[in-house]
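Here's the letter readout for the chains.
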Amino acid sequence: MGPKTDPAAAQLAGNDFIASINPALLTIEGIIREIAPTNIPVLLVGDSGTGKEVLANRIHELSSRAHQPLAKISCAAVNAETLAAELGLRNGRFGGESHAPGTVILDEVSDLDLAAQKLLLYALPDGDLRPRPGILDSRVISTTSRKLDEEMRTGSFRSELYYRINGVCLRLPPLRERKEDIPVLSEFFLTKHATQLQRPRVALSGQTLRKFMEHNWPGNIRELENVVKNIVALGDEELAVSSLVTVPISAPRPMPVPEVRARSLKVAARAASREAERELILKALERTRWNRKRAAQELQISYKSLLYKLKQIGMTDSEAI
């Protein structure tokens, strides 16, 4: 089985994620609170360094499987044989409930070769409630920095696998699109690394913070954390930020951050939650060939509740048969 995530590290990762005032990230936090208790597979899409693994850890922390192991599989480093071993497959079967992790993170799932994709497709539940050998009981969270729709068009990624792992898709914005979070994240990383390195907790100068706001952060949050860590370790802001390249003067400046009111945020989170619920229901119906009873069982709600929710999203009985 792959490496397990230390509980303390997972908790710290969750704190990394919620160090945000960006409305999109706050909405995502609301959505994962809704979906975390379910077994719905999750696909996390975003550029390298945007915090996909942090978010995957967050989902695991909030799930009913939080007491079980969390395993991360680097898909670029496995083939079909090693993937089977990582997942605990032996002769087409899993090695027993005690060997299966509670959650499996498939890091950069688009890096799997076609043979490994075929094995994974067989191992994932397909909505059919009849048990069969080789079904993975773990919650699956996949991450990718690529456009899987393009990968499917070129034939390098199986469309059946895409729909199997894409129960809910969450897209993480790059740091250049959420610059209002830079001061918040910087303060968090200053405290984190001062504690870890046992160094004095410093404060960023106004000049350094301006450079941070002007930089486009191609490495996203990971790049920001590394720069802040160097500031703490070296005790020299100028040296640590000397490699940063500022955007040209003609480039648009960051827009002022509007005040986020609790009421408007709640409305936005509720709307996003309803949209996520609608997507979950439709995908469950598609996977079960529009069998409402099986879809209700997969969604872990009663048949009556599903009928009510279908009416809420404007679907007639004839459309959901």
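Basis of the calculations
Residues numbered from 1 in each chain as written. Predicted model: local features only at pLDDT ≥ 70, side-chain atom pairs only at ≥ 80, totals over all residues. Heavy atoms only, no water. Buried < 20%, exposed > 50% of the residue type's maximum accessible area, 1.4 Å probe, protein only. Helix = DSSP H or I, 4+ residues; strand = E, 2+ residues; numbered from the N terminus. Arc of directions from axis to C-beta. Pairing = 2+ DSSP bridges. Contact = heavy atoms within 4.5 Å. Salt bridge = Lys/Arg side-chain N within 4 Å of Asp/Glu carboxyl O.

**Observations concerning helix H13 (residues 292-299)**
Of the positions making up H13, those classed as buried are Arg292, Ala295, Ala296 and Leu299. Along the axis of H13, the buried positions cluster into a sector of 100°, meaning they face one direction only. At the exit of H13 stands glutamine 300, carrying a positive phi of roughly 60°.

**Details of the pairing of strand E1 (residues 42-45)**
Of the two faces of E1, the one carrying Val42 and Leu44 and the one carrying Leu43 and Val45 are both buried. Direction of pairing for E1 relative to strand E7 (residues 168-171): parallel, over a ladder of four bridges. Looking across to E7, one finds that valine 42 is bridged to valine 168.

**Notes on the environment of valine 42**
In this fold, valine 42 is placed in strand E1. According to the relative accessible area criterion, valine 42 is buried, its value standing at 0%. It is 9.6 Å that separates the C-alpha atoms of valine 42 and isoleucine 32, two residues lying ten residues apart in sequence. What valine 42 contacts, discounting residues up to four positions off in sequence, is Ile35, Ile59, Arg139, Val140, Ile141, Ser142, Ile165 and Val168.

**Some words on the pattern of salt bridges**
Summed over the entire model, instances satisfying the criterion amount to eleven salt bridges. Here glutamate 29 makes a salt bridge to arginine 33, at a shortest N to O gap of 3.3 Å. Of the two residues, glutamate 29 and arginine 33 are both situated in helix H2 (residues 23-35); the distance of four residues between them amounts to about one turn of the helix. Arginine 33 sits in the partly exposed class, given a relative accessible area of 48%. Linking arginine 176 and aspartate 47 is a salt bridge whose minimum nitrogen-to-oxygen distance equals 3.8 Å. One end of the pair, arginine 176, is in the loop between E7 and helix H8 (182-197); the other, aspartate 47, is in the loop between E1 and helix H3 (52-62), with 129 residues separating them in the sequence. Taking the relative accessible area as the measure of exposure, arginine 176 reaches 42% and is therefore partly exposed. Here the salt bridges share partners, and the residues they tie into one network are Glu29, Arg33, Arg58 and Glu61.

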